[in-house]
Amino acid sequence: MNTIILGATRGMGRALARQMAARGDTLFLLGRDEDQLAHSAADLQARGHEGLPGTCVCDLADATTFAPALSAANAALGTVDCVVVTAGLFAPQDQLVADLALTWRLFDVNLTGTIVFCEAARPLLLADGGGTLCVFSSVAGDRGRKPVALYGASKAGLSYYLEAMDHTYRGAGMRTVCVKPGFVRTGMTAGLKPPPFAGDPDPVARRVLSAIDRGTPIVYAPAMWRWVMLVIRGLPRFVMRRIGF
Ligand SMILES: NC(=O)c1ccc[n+]([C@@H]2O[C@H](COP(=O)([O-])OP(=O)(O)OC[C@H]3O[C@@H](n4cnc5c(N)ncnc54)[C@H](OP(=O)(O)O)[C@@H]3O)[C@@H](O)[C@H]2O)c1
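Treat the numbers as computed from the prediction; the structure is a model and nothing was measured.

## Focus on the site of the ligand
Now for step 1: By nearness alone, 28 residues border the ligand, and Thr-9, Gly-11, Ala-87, Gly-88 and Thr-186 come closest of all.
Now for step 2: If you tally residues by element for the shell around the ligand, the top one is helix α1 (residues 11-22), at 3 residues.
Now for step 3: Looking at the shell around the ligand residue by residue, the class counts come to 12 nonpolar, 12 polar and 4 charged.

What follows is the structure in C-alpha cells.
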C-alpha cells in the first residue's frame, strides 16, 4: 500500500508508521518540522524499512503548504492508496479558556486545517480509484463535556465532516476511517492522570491498521472506549451538568 502520513513524528502516528513500514507499505511522511521528519525517516530506515520515497514539510496551520506537500508525495509514490492524518493539537480546557490565541490555533489545526488538508488530498485518492482516508478525531467529540468543551468541539466538527465524507464518497471507492482514541499515553497526554481504560500507542496502531484494511468507518481505540462513550452519549443533560467527566 502506498501511504501518505501526516503526524508520524510522534505518538500514535509514529507507532502506526512503524507498523505500516514493518509489513512493507511504502510511506511518504509529511510533518511541520524538517528535522523531526528526517529523524522519523531515519528511524524507519534503521528498522530496515526500504519503502520510504521521501518526506515533505506540511503544516496544518498553514494551508499554503498542503498542495506542494501532496504533489511531492503523489509524484514520489506514483499512486496513492491511503492518506492518514494523526496530527493534532491538545490543550487543557483551563489553558484554552485563558488564552484565546491558543484556542484559535487549536481550531485552526484540528478543524479548519485538517478538513482543508483532507479536501486537498481527496482528489488524489479518487484519481487512483478511491483508497482510504484515515483521520484521527477523538472520543472528546462524541458529547459536549465540561473538561474538554473546546478541544471536544474541534473534534466533533471533524467527526461530522468525516462521517459525511464516508456517506458521499464510499460509492466512488473512497473509504473514510474516523479514529476516535480514548485516553492514550503519548506526549500529548504527558502529565495528565490516566483514567481507567487508558491505552498505549502500539496496540492502538494495530487496531487502526486493521480498521484501515477493513475500511471500518469508525474505530474506537482502545476498544473499551466504544462502550464507555455509548453510556456517556446516553446520559441525560441533568446528569452531564452534575458530573465532571
Ligand atoms: N493521546 C490521546 O489520549 C488522544 C486522545 C484522543 C484523540 N487524540 C488525537 O490523536 C491524534 C494523535 O495524538 P497523539 O497523542 O499521538 O499526539 P502527539 O504524540 O502529541 O503527536 C501529535 C502529532 O501532531 C503533529 N502536529 C501537531 N501540530 C501540527 C501541525 N500544525 N502541522 C502538522 N503536524 C502537527 C506533531 O508534529 P511535531 O512532531 O512536529 O510536533 C505530532 O506528529 C491527535 O489528532 C489527537 O488529537 C489523542
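## A word on unusual backbone geometry
Now for step 1: Following Ala-221, the chain continues into Pro-222 via a peptide bond in cis, with omega recorded as -5°.
Now for step 2: Structurally, Pro-222 can be placed in the loop between β7 (218-221) and α8 (224-234).

## Examining the nonpolar core
Now for step 1: By size, the foremost hydrophobic cluster in this structure holds 65 residues, and its most contacted members are Ile-5, Leu-30, Leu-133, Cys-134, Val-135, Val-179 and Val-208.
Now for step 2: Among the elements that line this core, the one with the most residues is helix α5 (residues 100-127), at 7 residues.
Now for step 3: With sequence-adjacent residues up to four places away left out, Leu-30 is seen in contact with Ile-4, Ile-5, Leu-6, Cys-56, Cys-58, Ala-69 and Ala-73.

## Let's talk about the pairing of β7
Now for step 1: Both strand β6 (residues 175-181) and β7 contribute to a ladder of 4 bridges, which runs parallel. Counterpart to Pro-181 in the pairing with β7 is Ala-221.
Now for step 2: Read as a crossover between parallel neighbours, the route from β6 over helix α7 (residues 201-214) to β7 is left-handed.

## Examining helix α6 (residues 149-169)
Now for step 1: Here α6 is 21 residues long and its end C-alpha atoms lie 30 Å apart, about the 30 Å a rise of 1.5 Å per residue gives.
Now for step 2: Among all positions in α6, only Tyr-151, Gly-152, Ser-154, Lys-155, Leu-158, Ser-159, Leu-162 and Met-165 are buried. When α6 is viewed along its axis, its buried side chains cluster within an angular range of 155° and face the same direction. Projecting away from the buried face of α6 at angles above 90 degrees are the exposed residues Ala-164, His-167 and Thr-168.

## Here's the deal with the packing of α1 against α7
Now for step 1: Two numbers describe how α1 lies on α7: the axes approach to 8 Å, and their chain directions differ by 60°. Taken as axis vectors, α1 and α7 run oblique relative to one another. Seen from above, α1 lies across α7 with right-handed handedness. Where α1 abuts α7, its residues Gly-11, Met-12, Ala-15, Leu-16, Gln-19 and Met-20 lie against Pro-201, Asp-202, Val-204, Ala-205, Arg-206, Val-208 and Leu-209.
Now for step 2: Within the contact of α1 with α7, the residues separate by chemical class into 9 nonpolar, 2 polar and 2 charged.

## Considering the sheet that holds strand β3 (residues 54-57)
Now for step 1: If you trace the 7 strands from one edge of the open sheet to the other, you get β3-β2-β1-β4-β5-β6-β7, paired in parallel fashion. With one partner strand each, in any of the chains shown, β3 and β7 form the two edges of the open sheet. Geometrically, the sheet is characterised by an average inter-axis angle of 15° between neighbouring strands, direction not taken into account.
Now for step 2: In this sheet, β6 lies alongside strand β5 (residues 132-136) in parallel orientation, the contact comprising 5 bridges. For Phe-136, the partnering residue across the bridge sits in β6 and is Val-179.
Now for step 3: Across the face of the sheet, α6 comes into contact with β5 and β6 while running at roughly 155° to β6.

## Describing the pairing of β6
Now for step 1: Of all 7 residues in β6, 7 are buried, a share of seventy percent or more.
Now for step 2: Neither face of β6 is left uncovered, since the one carrying Arg-175, Val-177, Val-179 and Pro-181 and the one carrying Thr-176, Cys-178 and Lys-180 both have all their residues buried.
Now for step 3: Of the crossover connections in this fold, the one passing from β5 over α6 to the parallel β6 is right-handed.

Criteria and thresholds
Position labels on residues start from 1 in each chain and follow its written sequence. Local features are withheld for residues below a pLDDT of 70 in this predicted model, meaning they are given only at 70 or higher, and side-chain atom pairs are given and counted only at 80 or more; totals for whole chains, interfaces and linings count all residues. Only the C-beta atom matters for nearness: placed from the backbone, it must lie within 6 Å of the molecule or strand for the residue to count as near. Strands are runs of DSSP state E lasting at least two residues, helices are runs of H or I lasting at least four, and both sets are numbered from the N terminus onward. Only Asp, Glu, Lys and Arg are considered charged in this grouping, and only Ala, Val, Leu, Ile, Met, Phe, Trp, Tyr, Cys and Pro are considered nonpolar; every other residue, Gly among them, is considered polar. Core membership is restricted to buried Ala, Val, Leu, Ile, Met, Phe, Trp, Tyr and Cys residues, and these are joined into a nonpolar core through C-beta atoms within 7 Å. Exposure classes come from backbone-placed C-beta atoms, where a residue is buried if 20 or more other C-beta atoms lie within 10 Å of its own, exposed if 12 or fewer do, and partly exposed in between. The contact criterion used here is simple: two residues whose C-beta atoms, placed from the backbone, lie within 7 Å are in contact. Two strands pair under a simple rule: DSSP has to find at least two bridges between them. We call a crossover right-handed when, viewed with the strands running away from us, the connection from the first strand over the helix to the second turns clockwise. A helix is expected to reach a length of 1.5 Å times the quantity of its residues less one. An arc is given here, and it is the one of the directions from the helix axis to the C-beta atoms. Only C-alpha atoms enter the line fits that serve as axes; for helices the fit covers just the stretch in contact. Angles between N-to-C directions range over 0 to 180 degrees. By the definition adopted for this analysis, an angle is roughly parallel if under 35 degrees, roughly antiparallel if over 145, roughly perpendicular if from 65 to 115, and oblique otherwise. Whether a crossing is left-handed or right-handed is set by the direction in which the near helix is turned from the far one by less than a right angle, anticlockwise for left-handed and clockwise for right-handed.

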